[in-house]
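Results of the structural survey
Chain by chain, the residues:
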Amino acid sequence: MKNIAVIGAGTMGNGIAHTFAQFGFNVQLIDISQAALDKGVATISKNLDRMVAKEKISEDDKTNTLNNITTYTSIKDGVQYASLVVEAATENIDLKLKIFKELDEVCPEDTILATNTSSISITQIAAVTSRPEKVIGMHFMNPVPIMKLVEIIRGYNTSDEVNDFIVDLTTQIKKVPVEVNDYPGFVANRILMPMINESIETLYNGVAGVKEIDTVMKLGMAHPMGPLQLADFIGLDVCLSILNVMYEGFKNPKYAPCPLLVNMVTAGKLGVKSGEGFYDYSESRKAENVAKMFS
């Protein structure tokens, strides 16, 4: 396996492309937007510069990594020689199904199709292809170049050969594969998102303020960042999408998103990427200033 295509040049996509390219794979980074591709490659270059400054890699390593990445605005052109495609588009079921239908049509017959979905059924995604045995979940964590975990999720029809191959490939890029079953939210988000949602409920009910909630969880539970800051970092729209997937999948009210979260997403307050969520990021990307509506 030498050629790996990555669909989507956003935060997760460019991180996945960075990681595979750093370990010597030829990466075809694909996005319909040239501007997104340019931004994605610039982000990879910036992150590599940080690694050089910390003496984790050399300048030659940086150059080789960037040389291993080629960009495309056409899925058909980008995947024609791919042994593996990793889809990292927006967490939207309709979009993912559309992408996988197209991938199934234009990829070589033996190409493995993986999705970085954080909550959507692998079985459902695989069902729109003619190769469900070759469809699998590879849920990387953000930021991809740093975080070690990759949840490996096999669909109902994923073959043992494909599962074992992806587990081995994950170790080749110095990640830790953890195999989990195909249920809404898998493991990471099935546990994380209700905690974030309950934190928002705690704020919504006036139990405590933004910083107070985050401080309790950081100092009392040894979390590296508070749940509201983490929600801002993930993206409140992404949190809402995952909670909706779990709510629809389990029909259990404990997964119903807090009305405050719904309103914030509707108002475009999505966290770091929009400049405001529970914190105000207009002056700094660090969660230093609580957003005006909560201060």
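Residues numbered from 1 in each chain as written. Predicted model: local features only at pLDDT ≥ 70, side-chain atom pairs only at ≥ 80, totals over all residues. Heavy atoms only, no water.

You'll find the protein entered in an unreviewed UniProt entry as 3-hydroxybutyryl-CoA dehydrogenase, with Tenacibaculum platacis given as the organism. Quoted verbatim from the Sequence similarities (unreviewed entry) heading of the UniProt record, the comment on the protein is "Belongs to the 3-hydroxyacyl-CoA dehydrogenase family." (UniProt positions renumbered as here; feature names shortened; annotations may be inferred.)

1. Some thoughts on the sheet that holds strand S5 (residues 112-115)
Strand order across the open sheet formed by eight strands is S3-S2-S1-S4-S5-S6-S7-S8, with mixed pairing between neighbours. Pairing within the sheet leaves two strands with one partner each, and these edge strands are strand S3 (69-72) and strand S8 (176-180). The sheet shows a mean angle of 25° between the axes of neighbouring strands, taken without regard to direction. Relative to S5, strand S4 (residues 84-87) runs parallel, the two sharing four bridges. Counterpart to Val 85 in the pairing with S5 is Leu 113. Here helix H2 (residues 34-53) sits on the sheet in contact with strand S2 (26-30) and S3, set at roughly 165° to S3. Here helix H5 (residues 93-106) sits on the sheet in contact with strand S1 (3-7), S4, S5 and strand S6 (135-140), set at roughly 170° to S5. (Pairing = 2+ DSSP bridges. Helix = DSSP H or I, 4+ residues; strand = E, 2+ residues; numbered from the N terminus. Axes fitted to C-alpha atoms, helices over the stretch in contact; angles between N-to-C directions. Contact = heavy atoms within 4.5 Å.)

2. Brief notes about the UniProt feature "domain: 3-hydroxyacyl-CoA dehydrogenase C-terminal" (unreviewed entry) in the protein
As annotated in UniProt, the feature "domain: 3-hydroxyacyl-CoA dehydrogenase C-terminal" (unreviewed entry) corresponds to residues 185-281 in the numbering used here. Split by type, residues 185-281 is 62% helix and 2% strand. Its first and last C-alpha atoms lie 28 Å apart.

3. Considering the UniProt feature "domain: 3-hydroxyacyl-CoA dehydrogenase NAD binding" (unreviewed entry) in the protein
According to UniProt, the feature "domain: 3-hydroxyacyl-CoA dehydrogenase NAD binding" (unreviewed entry) maps to residues 3-182 in the numbering used here. The distance separating the terminal C-alpha atoms of residues 3-182 is 27 Å; by composition the span is 43% helix and 22% strand.

4. Re helix H8 (residues 188-204)
With 17 residues, H8 should cover 24 Å at 1.5 Å per step; its first-to-last C-alpha distance of 24 Å lies within 8% of that length. Turning to H8, its buried residues number three or more, namely Asn 189, Met 193, Ile 196, Asn 197, Ser 199, Ile 200 and Leu 203. Buried residues along H8 cover an arc of 155° about the axis, so they all sit on one side. Projecting away from the buried face of H8 at angles above 90 degrees are the exposed residues Ile 191 and Glu 198. Immediately beyond the C-terminal end of H8, within one or two residues, lies Gly 206, with a positive phi of roughly 75°. (Expected span 1.5 Å × (residues − 1). Buried < 20%, exposed > 50% of the residue type's maximum accessible area, 1.4 Å probe, protein only. Arc of directions from axis to C-beta.)

5. Here we look at a negative patch on the surface
Side chains of Glu 161, Asp 164, Asp 168 and Glu 179 sit close together on the surface and give a patch of like negative charge. Counting residues per element, the negative patch draws most heavily on helix H7 (residues 160-172), which supplies three residues. Mapped onto the elements of the fold, Glu 179 is located in strand S8. (Patch = residues over 30% accessible without salt bridge, like charges linked within 9 Å, V, L, I, M, F, W, Y side chains within 5 Å. Areas by Shrake-Rupley, 256 points an atom, 1.4 Å probe, with all protein chains shown as cover. Salt bridge = Lys/Arg side-chain N within 4 Å of Asp/Glu carboxyl O. Lys, Arg positive; Asp, Glu negative; His and termini not counted. Charge placed at Lys NZ, Arg CZ, Asp CG, Glu CD.)

6. Topic: the side chain of Thr 111
For Thr 111, the position within the fold is in the loop between H5 and S5. In this structure Thr 111 comes out as buried when scored by relative accessible area, which is 0%. A distance of 2.7 Å separates a polar atom in the side chain of Thr 111 from the backbone oxygen of Ala 82. (Polar contact = N/O pair within 3.5 Å; in protein donor to acceptor, adjacent residues only side chain to side chain.)

7. Overview of unusual backbone geometry
Each neighbour pair has its own omega, and for Asn 142 with Pro 143 the value is 0°, a cis peptide bond. If you trace the backbone, Pro 143 turns up in the loop between S6 and strand S7 (149-154). Despite not being glycine, Glu 55 has its phi angle at roughly 60°, a positive value. In this fold, Glu 55 is placed in the loop between H2 and helix H3 (59-67). The phi angle at Lys 174 is positive, at roughly 60°, despite the residue not being glycine. Counting through the fold element by element, Lys 174 comes out in the loop between H7 and S8. With relative accessibility at 52%, the residue Lys 174 sits in the exposed group.

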